[in-house]
Amino acid sequence: PSDPLKSKTFYVAREVMTTERSFLKGIHLVEKAFHGSIKMHNRTVKEILPESAQRTIFSNIAAIYELSVELLVQLEKRIDKWEENPQISDIFVKRAPFFKMYSRYSADFEQSQAALSQWLKKSSQLREIANTIESNRLCCGLTIPTYMLYPIQRVPRYRLLLQAYLKTLKEGDLDYENTTKALELMGAAAMHM
């Protein structure tokens, strides 16, 4: 019998988990580092970005962040116990209704970026926070607006990863049906973006 940890299916499943981890690191910089610093500054020093501007700029990225945390935890558990339960697509099927939040983020994105640009020009303290985060090696030389683009790219990326995953399966395999359903649901989510 072949080793399930050496199968193509396992490698693609692990890639799904690895890309989720990278995605989460990126939006962590936006939601926890940047937005968190703004909220802290507003509370402890003085308001540099009103609540209404925060809603416009960050939209629902906090909810997307929480979904990603939950997804990563589930994917890591599956990869760790792959020999016992070699499937991942049921995780996506179960959370499919929550992927609609990406379409809201996408719809708000242009206005979000315009507001961010305007506030960065207007507030030297906001610029300073952004520059401090962007100069951190964790940012890898990318800007906050670049990381804010991550959620826009994520649903199409899920589709590509699930398509690659499906190619490793045969009809009748444990995860085949859920993978085709997950792809269908991701397609529907992508159409609303």
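Note that residues are indexed from 1 along each chain, following the sequence as it is written. Given that the model is predicted, a residue must reach a pLDDT of at least 70 before its local features are reported, and side-chain atom pairs must reach 80 or more before they are shown or counted; all residues, however, enter totals for whole chains, interfaces and linings. Processing note: side-chain calculations cover all non-hydrogen atoms of the structure and skip hydrogens and water entirely.

A.B. asks: Would you mind going over the packing of aromatic side chains in detail, with residue names and values included?
C.D. replies: Side-chain rings of Phe, Tyr and Trp, where Trp is taken by its six-membered ring, are said to pair if the distance between their centres is within 6.5 Å; with planes under 30 degrees apart they count as stacked, over 60 as edge-to-face, and otherwise as tilted. Evaluation of the coordinates by the stated rule reveals 11 aromatic pairs. Arranged with centres 6.1 Å apart and planes meeting at 45 degrees, the rings of Y105 and F109 form a pair that is tilted. Here Y105 pairs with F109, and both are found in helix α5 (residues 101-122), just 4 residues apart, close to one helical turn. A relative accessible area of 16% places F109 in the buried class. One aromatic cluster is present, formed by F23, F92, F99, Y102 and Y158 through successive ring pairs. Charges are assigned to positions over rings by a cutoff of 6 Å between ring centre and Lys NZ or Arg CZ, combined with an angular limit of 35 degrees from the ring normal. Across the ring face of W119, the terminal group of K122 is positioned such that the distance to the ring centre comes to 4.1 Å. Strands here are runs of E lasting at least two residues and helices are runs of H or I lasting at least four, both read from the DSSP assignment and numbered beginning at the N terminus. Each residue is placed in one exposure class: buried if its accessible area under a 1.4 Å probe, protein chains only, is under 20% of its type's maximum, exposed if it is over 50%, and partly exposed if it falls in between.

A.B. asks: Which residues make up the pattern of salt bridges, and what are the values?
C.D. replies: A pairing counts as a salt bridge when a side-chain nitrogen of Lys or Arg comes within 4 Å of a carboxyl oxygen of Asp or Glu. Enumeration over the complete set of coordinates arrives at 8 salt bridges. When the shortest N-O distance is used, the salt bridge between E76 and R21 registers 2.9 Å. Taken together, the residues span a long stretch of sequence, with E76 in helix α3 (residues 61-80) and R21 in helix α1 (residues 8-44) at a distance of 55 residues. Classification of E76 as partly exposed rests on a relative accessible area of 25%. The shortest N-O distance in the salt bridge between R95 and E70 comes to 2.8 Å. Residue R95 is located in helix α4 (residues 89-95), and its partner E70 is located in helix α3; the two are separated by 25 residues in the primary sequence. For R95, a relative accessible area of 6% translates into the label buried.

A.B. asks: An account of the nonpolar core is requested, with residue identities and associated values reported.
C.D. replies: As used in this record, nonpolar core signifies buried Ala, Val, Leu, Ile, Met, Phe, Trp, Tyr and Cys residues forming a set joined through side-chain atoms within 4.5 Å. One finds F34, F58, F92, F99, Y102 and M148 to be the most contacted residues of the largest nonpolar core, which totals 57 residues. Looking at this core element by element, the count peaks at 12 residues for α1. Not counting residues up to four positions away in its chain, the partners in contact with F99 are L67, L71, F92, Y158, M186 and A189. Contact between two residues is taken to exist if any of their heavy atoms lie within 4.5 Å; hydrogens are not considered.

A.B. asks: Describe the packing of helix α2 (residues 51-58) against α5, naming the residues involved and giving the relevant values.
C.D. replies: At a minimum axis distance of 6 Å, the contact between α2 and α5 shows a crossing angle of 130 degrees. The angle between α2 and α5 places the two elements in the oblique class. Packed against α2, whose contacting residues are A53, T56, I57 and F58, the element α5 presents Y105, Q111, S112, A115, L116 and W119 at the interface. Amino acids are sorted into nonpolar (Ala, Val, Leu, Ile, Met, Phe, Trp, Tyr, Cys and Pro), charged (Asp, Glu, Lys and Arg) and polar (every other residue, Gly among them). Along the lines of polarity and charge, the residues of the contact of α2 with α5 split into 7 nonpolar, 3 polar and no charged. All axes are obtained by fitting lines to C-alpha atoms, using only the stretch in contact for helices, and the reported angles, taken between N-to-C directions, cover 0 to 180 degrees. An angle counts as roughly parallel when it lies under 35 degrees, as roughly antiparallel when it exceeds 145, as roughly perpendicular when it falls between 65 and 115, and as oblique in every other case.

A.B. asks: Could you give me a rundown of α5, with the residues and numbers involved?
C.D. replies: In this model, α5 (22 residues) spans 30 Å end to end at C-alpha, consistent with the 32 Å of a helix rising 1.5 Å per residue. For α5, the principal kink sits at F109 and spans about 50 degrees. Taken together, the buried positions of α5 are M101, Y102, S103, Y105, S106, F109, S112, Q113, A115, L116, W119 and L120. Elements that come into contact with the buried residues of α5 comprise α1, α2, α3, α6 (124-135), α7 (144-148) and α8 (150-167). What a helix is expected to span follows from its residue count: subtract one and scale by 1.5 Å. Here the bend at a residue is taken as the angle between two axes, fitted respectively to the seven residues that end there and the seven that start there.

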